[in-house]
Amino acid sequence: MMKIIFVIFVCLFSEQFVSINGYPNNINNDHYASDGSETEEIAKNHPKIKSKALTLAANEGDTITFPCEVDDLGSLSVTWGSKKGSNVTQLFFGSYRFLQDDRVYLDGTNLVIKNVKQTDSGIYTCKVSTDKEISVNHTFFVNGRPQIMKEPATGNITIGQGQTLKLTCKSTVDPKPDIKWEKLDSKLTVSATNQETLTIPNVGRLDSGRYRCSAFSFYGSDNHADFEVVVEEEPEIELPEPHVYTGIGQEIKLRCRVYGNPTPNVYFENSRGNRLPSKPGDNKEYVSTLSIRDENDFGKYSCYGFNKFGKKRADIEVSGRPSRPIILNSDADFPTSGDEFELKYQVTSYSPITKVLVTYRYTKDTESFSDWNTTEIDPNNVNGPSYNLKYILQNMDRKTYEVRVYAENKYGRSEGSEIYSITADGAKEHWKVAGSSSYSIKSSSTILFICSLLLLATMNEN
């Protein structure tokens, strides 16, 4: 019975106190105790809302606080309500809750909403009913994550080699979000700054993979969509070792990496057209193991890859020639005087080395070199197959030297080593790519020194 009386009381109380816009109206004396105690409370309290009206914004999932700090509230109550379009909702009268939503609660007289949604956007009003009603309105906007519509909608696309790839991300958010494109497994091969559509012309193997477009709203929220791209293509072959230097009685491995989509079929052949056994390895690599029984096993071997788009071949040379020499000098070996330099180098040959050729050229300035000079060296019956040899360059009275080394055995001459640069005054040079005719000095102090000499020479001429 007591519960029924309480409900009737609340209904009557709400009916009398709610204004036409849904918020509690001023309290009339007709609804107070006959002894006039409530009327006296209103008369002696002069509440004032200190909080100012605010326009607030938050991203979905944030927590927002609407302030309503009141001076001299006394025993009076604060009323909270919201208006969303034409819908008006009472939230709290004092501590009494009208809205059954645990996300919405009071912190003192302030209203708090956690984990906000886009539907929470609206006007939130705090009121205090006295003989003169006072209130403050807060306008609230929830910025939702940008919604992305991707094309193709499935996010999966298969495209032929050489065609143009187009991926699109659109958003209806206003203002339009910034769009960022990235390739998750490697770098993009084209520039795509703040574009709805990513365009890649003439696609190839490296364009396969997973792409992502990310949308960043004006207010900081973001969203993304992924695409999976498969480029169908004819085989492409890479050779880790296009030249294999070996000897009779040795076992070698022929290797090739074969890419393509659909996955190519792969096989090896010798120069006589006979297929060799092979097996797949890691990273698209295929391996054929070969025993060198006699000189007839030297020669050209081919790796083939084919699928429905085509067939490719790459050739591997198997030779008894010496390997390419490697110069072993380190920074500590650079000359501290201008007299001589001990060149250290290594070469592998399964047949005895018959000759070593050290070629060098020099310059007194930074622009021109002499012709190449060649010195033949007898390896002095050093045992192989790994040869660690030395040669001393003497009478180094020029400024800079460049050196290249070759080795010979009965099967022929090796490739030349990489060009190595030496300065006779001890300045340190870097390694050079074989065939390069230029060089650079690492020491900035040396550059300044050379420039000073050139300047003095010019002044003396004048």
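Residues numbered from 1 in each chain as written. Predicted model: local features only at pLDDT ≥ 70, side-chain atom pairs only at ≥ 80, totals over all residues. Heavy atoms only, no water.

Taken residue by residue, the protein chain gives an average pLDDT of 80. The fraction at 70 or more is 78%. By mean pLDDT, helix α1 (residues 2–17) is the weakest element of the protein chain at 37, and strand β9 (residues 110–113) is the strongest at 97. Segment residues 1–43: pLDDT under 50, and 51 contacts once partners within four positions in sequence are set aside and those in other chains are kept. Long-range and interchain partners of residues 428–462, a stretch whose pLDDT sits below 50, account for 53 contacts in this model, where long-range means more than four residues apart. (pLDDT = per-residue confidence, 0-100. Helix = DSSP H or I, 4+ residues; strand = E, 2+ residues; numbered from the N terminus. Contact = heavy atoms within 4.5 Å.)

Turning our attention to empty space enclosed by the protein. Taken as a whole, this structure holds one cavity of 30 Å³ or more when the rule is applied. Computed from the structure, the largest cavity encloses a volume of approximately 30 Å³. Around the largest cavity, the lining residues are Val258, Tyr259, Gly260, Thr263, Pro264, Lys284 and Tyr286. With three residues, the top contributor of residues to the lining of the largest cavity is strand β20 (residues 251–261). Its residues assigned to classes, the lining of the largest cavity comprises four nonpolar, two polar and one charged. (1 Å grid on protein atoms, 1.4 Å probe; cavity = no way out; pocket = protein on both sides within 12 Å on 5 of 7 lines; lining within 4 Å. Points joined across faces, edges and corners; volume = space filled by probe spheres on them. Nonpolar A, V, L, I, M, F, W, Y, C, P; charged D, E, K, R; others polar.)

For the rest of this paragraph, the subject is the sheet that holds strand β21 (residues 265–270). Across the sheet, which stays open at both edges, the five strands sit in the order β19-β26-β25-β21-β22 with mixed pairing between neighbours. This sheet does not close on itself; its edge strands, each paired only once, are β19 (243–245) and β22 (275–276). Alignment of strand β25 (residues 299–307) against strand β26 (residues 310–319), held across nine bridges, turns out to be antiparallel. Counterpart to Ser302 in the pairing with β26 is Asp315. (Pairing = 2+ DSSP bridges.)

It is worth spelling out the nonpolar core at this point. Phe66, Cys68, Val78, Trp80, Leu111, Tyr124 and Phe140 are the most contacted members of the largest nonpolar core, which totals 23 residues. Contributing elements (two or more residues each) for this core: β2 (55–59), β3 (64–66), β5 (78–84), β6 (87–93), β9, β10 (122–128) and β11 (134–143). Non-local contacts of Tyr124, meaning those with residues more than four positions away in its chain, are made with Phe66, Trp80, Gly81, Ser82, Lys84, Leu91, Leu111, Ile113, Val136, Asn137, His138 and Phe140. Ile377, Leu389, Tyr401 and Val405 belong to the second-largest nonpolar core, a separate cluster that totals 20 residues. (Core = buried A, V, L, I, M, F, W, Y, C linked by side-chain atoms within 4.5 Å. Buried < 20%, exposed > 50% of the residue type's maximum accessible area, 1.4 Å probe, protein only.)

A full pass over the atoms with the stated rule returns 10 aromatic pairs. Taking 4.5 Å as the distance between ring centres and 20° as the angle between the ring planes, the aromatic pair formed by Phe66 and Tyr124 counts as stacked. In this pair, Phe66 sits in strand β3 while Tyr124 sits in strand β10, placing the two residues 58 residues apart along the sequence. Here the two residues Phe66 and Tyr124 agree in accessibility, since each one is buried. Ring centres of Phe66 and Phe140 lie 5.3 Å apart, and the angle between their planes is 85°; this geometry places the pair in the edge-to-face category. Here Phe66, found in strand β3, pairs with Phe140, found in strand β11; they are 74 residues apart in sequence, far enough to count as distant. Assigned by exposure class, Phe66 and Phe140 land together as buried. Three or more aromatic residues joined by ring pairs make a cluster, and in this case those are Phe66, Tyr124 and Phe140. Looking at Arg275, its charged tip hangs above the ring of Tyr267, at a distance of 3.6 Å from the centre. Taking NZ or CZ as reference, Arg361 lies 4.7 Å from the ring centre of Phe369, over its face. (Phe/Tyr/Trp six-rings, centres within 6.5 Å; stacked < 30°, edge-to-face > 60°. Lys NZ or Arg CZ within 6 Å of the ring centre and 35° of its normal.)

Turning next to unusual backbone geometry. Looking along the chain, the bond that leaves Glu151 and enters Pro152 is cis, with omega of 0°. Tracing the backbone shows Pro152 in the loop between β12 (148–151) and β13 (156–160). The linkage connecting Asn261 with the following residue, Pro262, adopts the cis geometry, with an omega of 0°. Of note in the backbone geometry, Asp72 takes a positive phi value of approximately 55° without being a glycine. In this structure, Asp72 sits in the loop between β4 (70–71) and β5. Even without being glycine, Asn202 reaches a positive phi, approximately 50°. Note on placement: Asn202 falls in the loop between β16 (197–200) and β17 (209–216).

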